[in-house]
Amino acid sequence: MRKVIKKIATVVASVSMVAAMSLSAFATTYDTYQFAGNPNLVGEADPGAKTVGWVTVREQQFLEPVDGLDGVYSFTGNYVHAADYDSLDDDTKAGYREFKILGDGDVEGWNHQLCLGTPDAAWADNQTQFRIDDTLEEGEFKVYVDVTKGFVAVIQNHQNVNMLIRFHSRDEDSANFVKTTKAAILADGYEESAVYLDDDAYLEFVNQCLKLEGGEAITALYEGDEAPAAAEDDTTVSDDNANDKADAEKTIGVSDTKTSSSNSSDDKEDDGLSKGAVAGIVVAVVAVIGIIVAVVKKKN
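(A) Region of interest: the overall build of the protein. Along the protein, the regular secondary structure elements total eight helices and 10 strands. Looking at the protein as a whole, 37% of its 300 residues are labelled buried. Counting only contacts in the protein whose residues sit at least 6 apart along the sequence, the fraction spanning at least 24 positions is 62%. Taken as a whole, the protein presents about 18,100 Å² of accessible surface, with 51% of it coming from carbon and sulfur.

(B) Focus on the pairing of strand S7 (residues 151-156). For S7, a buried count of six out of six residues is recorded, marking the element as mostly surrounded by other parts of the structure. Along S7, one buried face is formed by Phe151, Ala153 and Ile155 and the opposite face, lined by Val152, Val154 and Gln156, is buried too. Looking at chain direction, strand S6 (residues 139-146) and S7 are connected through five bridges and run antiparallel. The partner of Val143 across the bridge, within S7, is Val154.

(C) Inspection of a negative patch on the surface at higher detail. Among the surface-exposed residues, Asp89, Asp90, Asp91 and Asp134 lie close enough to one another that they form a single negatively charged patch. The exposure class of Asp91 is exposed, given its relative accessible area of 63%.

(D) Highlighting the environment of Gly214. As for its position among the elements, Gly214 is in the loop between helix H5 (199-212) and helix H6 (239-252). Residue Gly214 is classed as exposed on the basis of its relative accessible area of 57%. Taking the C-alpha atoms as reference points, Gly214 and His158, separated by 56 residues in sequence, lie 5.7 Å from one another.

(E) Structural detail: the packing of aromatic side chains. Per the stated rule, a full pass over the model turns up 11 aromatic pairs. Taken together, a centroid distance of 4.7 Å and an interplanar angle of 50° make the contact between Tyr33 and Tyr73 tilted. With Tyr33 in strand S1 (residues 33-37) and Tyr73 in strand S3 (residues 72-79), this pair connects stretches of sequence that are 40 residues apart. In this structure, Tyr33 and Tyr73 share a single accessibility class: buried. Grouping aromatic residues by their ring pairs yields a cluster made of Tyr30, Tyr33, Tyr73 and Trp123. Over the ring of Phe177 we find Arg131, and its NZ or CZ is 3.8 Å from the ring centre.

(F) Geometry of unusual backbone geometry. Positive phi is not limited to glycine here, since Asn126 has a value of about 55°. Within the secondary structure, Asn126 sits in the loop between helix H3 (105-108) and strand S5 (129-132).

(G) Main features of the side chain of Asp104. Position of Asp104 among the secondary structure elements: in the loop between strand S4 (98-103) and H3. For the buried residue Asp104, which engages in no salt bridge, the nearest side chain bearing the opposite charge is Lys100, 17 Å off. Residues contacting Asp104, with those up to four places away along its chain left out, are Thr29, Tyr30, Asp31, Thr32, Gln34 and Gly109.

(H) Molecular detail of the sheet that holds strand S2 (residues 64-65). The strand order across the open sheet built from five strands is S2-S3-S6-S7-S8, with neighbouring strands paired in antiparallel fashion. Each end of this open sheet is capped by a strand with a single partner; those strands are S2 and strand S8 (159-160). Packing of H5 onto the sheet brings it into contact with S3, S6, S7 and S8, and relative to S7 it is tilted by some 35°.

(I) Spatial organisation of the confidence of the model for the protein. Averaged over all residues, the pLDDT of the protein equals 80, while 67% of them reach at least 70. Segment residues 3-26: pLDDT under 50, and 22 contacts once partners within four positions in sequence are set aside and those in other chains are kept. Between residues 248-280, whose pLDDT stays under 50, and residues either more than four places distant or in other chains, the model counts 15 contacts.

(J) Summary view of the sheet that holds S4. Spatial ordering of the open sheet is given by S1-S4-S5-S9-S10, a layout of five strands whose pairing is antiparallel. In this open sheet, the two edge strands, each paired with only one partner strand, are S1 and strand S10 (178-179). Bridge count between S5 and strand S9 (residues 163-166): four bridges; the pairing is antiparallel. By the bridge assignment for S9, Phe130 is matched with Ile165.

(K) Structural detail: the nonpolar core. One finds Phe35, Phe99, Ile132, Val152, Ile185 and Tyr202 to be the most contacted residues of the largest nonpolar core, which totals 50 residues. Top contributing element to this core by residue count: H5, with six residues. Excluding anything up to four places from it in sequence, Tyr202 contacts Leu116, Phe151, Val152, Met163, Thr180, Leu197 and Leu221.

(L) Fine view of the side chain of Gln34. Relative to the helices and strands, Gln34 resides in strand S1. When its relative accessible area of 1% is taken as the criterion, Gln34 is described as buried. Polar contacts involving the side chain of Gln34 include one to the main-chain amide nitrogen of Gly105, which spans 2.7 Å. Beyond its immediate chain neighbours, meaning those up to four positions away, Gln34 contacts Thr56, Gln61, Phe62, Leu63, Lys100, Ile101, Leu102, Gly103, Asp104, Gly105 and Asp106.

Calculation notes
Residues numbered from 1 in each chain as written. Predicted model: local features only at pLDDT ≥ 70, side-chain atom pairs only at ≥ 80, totals over all residues. Heavy atoms only, no water. Helix = DSSP H or I, 4+ residues; strand = E, 2+ residues; numbered from the N terminus. Buried < 20%, exposed > 50% of the residue type's maximum accessible area, 1.4 Å probe, protein only. Contact = heavy atoms within 4.5 Å. Areas by Shrake-Rupley, 256 points an atom, 1.4 Å probe, with all protein chains shown as cover. Pairing = 2+ DSSP bridges. Patch = residues over 30% accessible without salt bridge, like charges linked within 9 Å, V, L, I, M, F, W, Y side chains within 5 Å. Salt bridge = Lys/Arg side-chain N within 4 Å of Asp/Glu carboxyl O. Lys, Arg positive; Asp, Glu negative; His and termini not counted. Charge placed at Lys NZ, Arg CZ, Asp CG, Glu CD. Phe/Tyr/Trp six-rings, centres within 6.5 Å; stacked < 30°, edge-to-face > 60°. Lys NZ or Arg CZ within 6 Å of the ring centre and 35° of its normal. Axes fitted to C-alpha atoms, helices over the stretch in contact; angles between N-to-C directions. pLDDT = per-residue confidence, 0-100. Core = buried A, V, L, I, M, F, W, Y, C linked by side-chain atoms within 4.5 Å. Polar contact = N/O pair within 3.5 Å; in protein donor to acceptor, adjacent residues only side chain to side chain.

This is the structure we're talking about:
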């Protein structure tokens, strides 16, 4: 009987440990990371070149870790126009500025592709395809990737270069290229549960990259997406009104400030299983233990 209970206790501990681990961030899972894209982005004028660009094993296209930033890697590209650039239509030109980010591409090929906003432990085949904006100039540019959060930024001449994305690139998924914002991805037909992108955290990452490149911080990735400035309130509250408001707050017993802080804390709940879900798992396991113990006692 004691041996049975001891084994059950071990199972409970293991389940609790796994549940707790799910509350933390995904860990880096790949040894190497690759930039795979159109040859024009790696200095080759022939967009149909087979040995550069859309390849997974070329060492010159491997990302390098950024000193002092865990989980952040970078790649330096060199954009050149296609040989027949002037005769191309806009859609073809746009296609020549597309790329993906891979994990262990030199070993696993295309099996692990970055999905925007998703940690590398959950990358898969046919994920996000990035299309750099036509403001990209010929010459050097820098790509930064935070593999632990699935963030990508393109910086050139100390400025952020906007991108559009095809969120998933499977045949059955949308072929549209949309802005790199959660709202744009959801509007393209994806379910809320499938999109892990945090817009505020993403913008913070882009500004971090801009700082590394000597650029100035931005307030939004796309012009016109900035939050409207708060209107100034010219109304002056008299001392009597202020006192009345204070008395009302004392009567209610809960200030608006505390409520706001509470909501803010809820919004910042970690991704993955919530603490309540973990507690539910533990309770369920304990219930199973009780049933097993009862059965064992009955047999004895």
